[in-house]
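# Fold and contact review
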Amino acid sequence: MTIDVETAVADAHRREWAFVLAATVRVAGDIDLAEECVQDAYARALAKWPMDGIPVNTGAWLTTVARRRALDVRRRDVRFDRLMPMLAEPDVPALPEGRNATIPDDRLRLIFTCCHPALSDEAQIALTLRLVCGLTTNEVSRALLVSESTMAARITRAKKKIAGAHIPYIVPSSEQLPERIDAVLSVVHLVFTAGHTAVSGNQLVRRDLVERALDLARMLRALLPENRGVAGLLALILLSDSRRDTRVDANGRLLLLSEQDRVKWDRAEIVEGVALVREALGSRPPERFAVMAAIAAVHAEAPSWDATDWDEIVGLYDLLTVVWPSPIVALNRAVAVGFARGPQAGLDAIDELSTDPTLASYSYLSSSRAEFLRRLGRYAESALAFEEALAFCENTVERDFLMARLLETATLSEGS
Amino acid sequence: MSEYLILIYGDESKLSNPSPELMGKMMKGHEDFAKNHGASLRGGNALQPTGTATSLRETAPGEFVVTDGAFAETKEALAGYYLIEAANLDEAIAIAKGIPSPNGGLEVRPIRVFD
């Protein structure tokens, strides 16, 4: 029984946290107070559910308790209303009664507040993980690889800005939506990429972050079903994640796309992702995440590395360069050119980018050059480029891979 | 007669959590100032700290980059100001975008309200 309750509370934390907090912020008028009340509601669930039973609608139960608590605090502290009036609705909606009472879904308001462009990028990600995903400050700090005190200060500062500058707790108007949704998608994508290839450390993938990103993308999809950018991002995450079991071998060694066992790719995720890509590409011009997802879909649908349609991929990168110009996109395009038209063409395309200051310390530029040089039989130059890549790479799994390649090319270079 | 804008600068690390003594001294000082120079005063406000500021730079006609924090000036100097009333930061930013700011930018900083 107790185990059931603990599981139910943990499950409600994972699934309902954003819903409960978002609905409580509206009544509390202040994020800090709302957080306290929601934490309190979860603590009460642990105490009450063993006696009263697990409610059918756990989210509604938690929301009712948290909102009632917020109202109590506000009634007791009349001065609070004068100090913190900005996030509150002019009139507090009545508490829902009974099991089937509907509570307005405020999660979009919460997400748009956390991803407001007037907050720094770091603050947006931290707030999203803390408030929308319900991670503790300690968990957020570990996820984003900063100290807990730095993260606590960052979150406090961001909340002060929301209150002090009166960042509204609303869903943006339809004319502001495209710009604002892009900020939200960027945050979710950053959470995903931080998990998909951990910047440093001895694990390639941070599964916890990948799952949070997937949860967030699914939540956005449910809340904004018509939005093609959302469809594109969810597709991109699903298609990239479908390869999760094949990216390293049994010994933790990095496996390239060409070496991965495609039978082990997650078919269900691929099917769902590909269907979303079709839908996402419907807008003209397409959203950047839709194009990125389309590239991932070409890989996902290729039966083998050799059967990959590289011309299609180069064409999609050309399109991506138009809708989302960036040095990283240009580099990926150059690599695709190498696979479509041969290593010399790839090398030429990469060398055109080598003067870009953004890419100067990017290990993937050096490692891609090194790969094409290796394939051209220019082993000494290749070894040098692998050495350069190692100098800029901090992920242990990736470093091991680069080191193996360096040894291989250095040996070949001596032999030739 | 001419009009002048007097700008007040301060070390935020010392002003963010002032001791009651410092706070009292400052309030008294401003009250005295207002009494002594009431005839010359056209208005004045305390600003919220730079942590609440939002900056805008126009990168292409009608396209703004919105960033957290005070306007980081390199060679730009303070060139003018508007005092506006808006429902929230979104509305304030939307209004600010109508202000011409070639070769520079804008900082939207909330006014401090004392209770």
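Predicted model, so just to flag it, every value in this text is computed and none were measured.

### Notes on the overall build of chain B
From N to C terminus, chain B includes three helices and three strands. In sequence order, chain B lays out its α and β elements as α-α-β-β-α-β. Summarising the internal contacts of chain B: among those between residues at least 6 apart in sequence, 58% fall at separations of at least 24.

### Structural notes on the overall build of chain A
Along its length, chain A carries 19 helices and zero strands. The principal-axis extent of the C-alpha atoms belonging to chain A is close to 85 × 50 × 40 Å. Excluding contacts between residues fewer than 6 apart, the proportion of contacts in chain A whose partners are at least 24 apart in sequence is 62%.

### Quick look at the interface of chain B and chain A
Contacts between chain B and chain A engage 11 residues on the former and 15 residues on the latter. Elements with a minimum of two residues in the side of chain B that touches chain A: β2 (63–68) and α3 (89–96) of chain B.

### Things to note about the domain arrangement of chain A
Here the domain parsing of chain A yields domain 1 (2–89) and domain 2 (326–416). Of note, the centres of domain 1 of chain A and domain 2 of chain A, computed from C-alpha atoms alone, are 52 Å apart.

### Overview of the domain arrangement of chain B
Domains assigned within chain B are domain 1 (9–44) and domain 2 (50–108). A C-alpha centroid distance of 26 Å is found between domain 1 of chain B and domain 2 of chain B.

### Quick notes on unusual backbone geometry
Note the cis peptide between R284 of chain A and P285 of chain A, where omega equals -10°. In this structure, H166 of chain A takes a positive phi of about 60° despite not being glycine. Mapping H166 of chain A onto the fold places it in the loop between α8 (148–164) and α9 (177–196). According to the C-beta neighbour criterion, H166 of chain A is buried, with 20 such atoms within 10 Å. The backbone of N103 of chain B shows a phi angle near 60°, a positive value even though the residue is not glycine. Tracing the backbone through its elements, the reader meets N103 of chain B in the loop between α3 and β3 (106–108). Taking the number of C-beta atoms within 10 Å as the measure of exposure, N103 of chain B has 8 and is therefore exposed.

### A word on the environment of L331 of chain A
Residue and element names in this part refer to chain A. Looking at the secondary structure, you find L331 in helix α15 (residues 327–341). Through-space distance from the C-alpha of L331 to that of G134 is 36 Å; in sequence the pair is 197 residues apart. Leave out the neighbours within four places in its chain, and L331 touches L353, L359, Y364, L365 and S368.

### Some details on the nonpolar core
What tends to happen in soluble globular proteins is that the nonpolar side chains get buried as a cluster. All names here are of chain A. Counting residues in each nonpolar core, the largest one holds 124 residues, and the members touching the most others are L21, V188, V191, A235, V277 and A293. It is helix α1 (residues 2–28) that contributes the most residues to this core, 11 residues altogether. When near neighbours in sequence (up to four residues on either side) are disregarded, V191 contacts I125, L129, L209, R212, A213 and L216.

### Quick word on the confidence of the model for chain B
Low pLDDT means the predicted atomic positions in that stretch should not be read closely. All names here are of chain B. Mean pLDDT over chain B works out to 92, with 99% of the residues at or above the 70 mark. When mean pLDDT is taken per element in chain B, β3 scores highest with 97 and helix α1 (residues 12–15) scores lowest with 82. ipTM for the predicted complex: 0.88, alongside a pTM of 0.81.

### Section: the pairing of strand β1 (residues 54–60) of chain B
All names here are of chain B. As defined by bridge partners, β1 adjoins β2 across six bridges and the pair is classed as antiparallel. What sits directly across from S55, in β2, is T67. In sequence, β1 turns back onto β2 through a hairpin of two residues, with G62 there showing a positive phi of about 80°.

### Digging into the sheet that holds β3 of chain B
All names here are of chain B. Strand order across the open sheet formed by three strands is β2-β1-β3, with antiparallel pairing between neighbours. Of all the strands in the sheet, the pair left with one neighbour each is β2 and β3. Within this sheet the neighbouring strands show an average axis-to-axis angle of 30°, counted without direction.

### Digging into the confidence of the model for chain A
Scored by pLDDT, chain A has a mean of 88; 91% of the residues are at 70 or more. Counted against residues more than four places away or in other chains, residues 88–100 of chain A, with its pLDDT under 50, gives 14 contacts.

### A look at the packing of helix α6 (residues 121–132) of chain A against α8 of chain A
Residue and element names in this part refer to chain A. Contact geometry of α6 with α8 gives a least axis separation of 9 Å together with a crossing angle of 95°. Between α6 and α8, the angle is such that the two are roughly perpendicular. In this structure, α6 uses E122, A123, A126, L127 and R130 to contact α8, whose residues at the interface are M151, R154, I155 and A158. Residues that form the contact of α6 with α8 fall into these classes: six nonpolar, no polar and three charged.

### Some points on the environment of R68 of chain A
Considering the arrangement of structural elements, one finds R68 of chain A in helix α3 (residues 58–76). In sequence terms R68 of chain A and V27 of chain A are 41 residues apart; their C-alpha atoms lie 8.8 Å from each other.

### Notes on the environment of E272 of chain A
Residue placement: E272 of chain A occurs in helix α12 (residues 267–280). Spatially, the C-alpha atom of E272 of chain A lies 32 Å from that of A123 of chain A, the residues being 149 residues apart in sequence.

What counts, and where the lines are drawn
- Residues numbered from 1 in each chain as written.
- Chains lettered and ligands numbered in written order.
- Predicted model: local features only at pLDDT ≥ 70, side-chain atom pairs only at ≥ 80, totals over all residues.
- Helix = DSSP H or I, 4+ residues; strand = E, 2+ residues; numbered from the N terminus.
- Contact = placed C-beta atoms within 7 Å.
- Domains from an automatic or database assignment.
- Buried ≥ 20, exposed ≤ 12 C-beta atoms within 10 Å, placed from the backbone.
- Core = buried A, V, L, I, M, F, W, Y, C linked by C-beta atoms within 7 Å.
- pLDDT = per-residue confidence, 0-100.
- Pairing = 2+ DSSP bridges.
- Axes fitted to C-alpha atoms, helices over the stretch in contact; angles between N-to-C directions.
- Parallel < 35°, antiparallel > 145°, perpendicular 65-115°, else oblique.
- Nonpolar A, V, L, I, M, F, W, Y, C, P; charged D, E, K, R; others polar.

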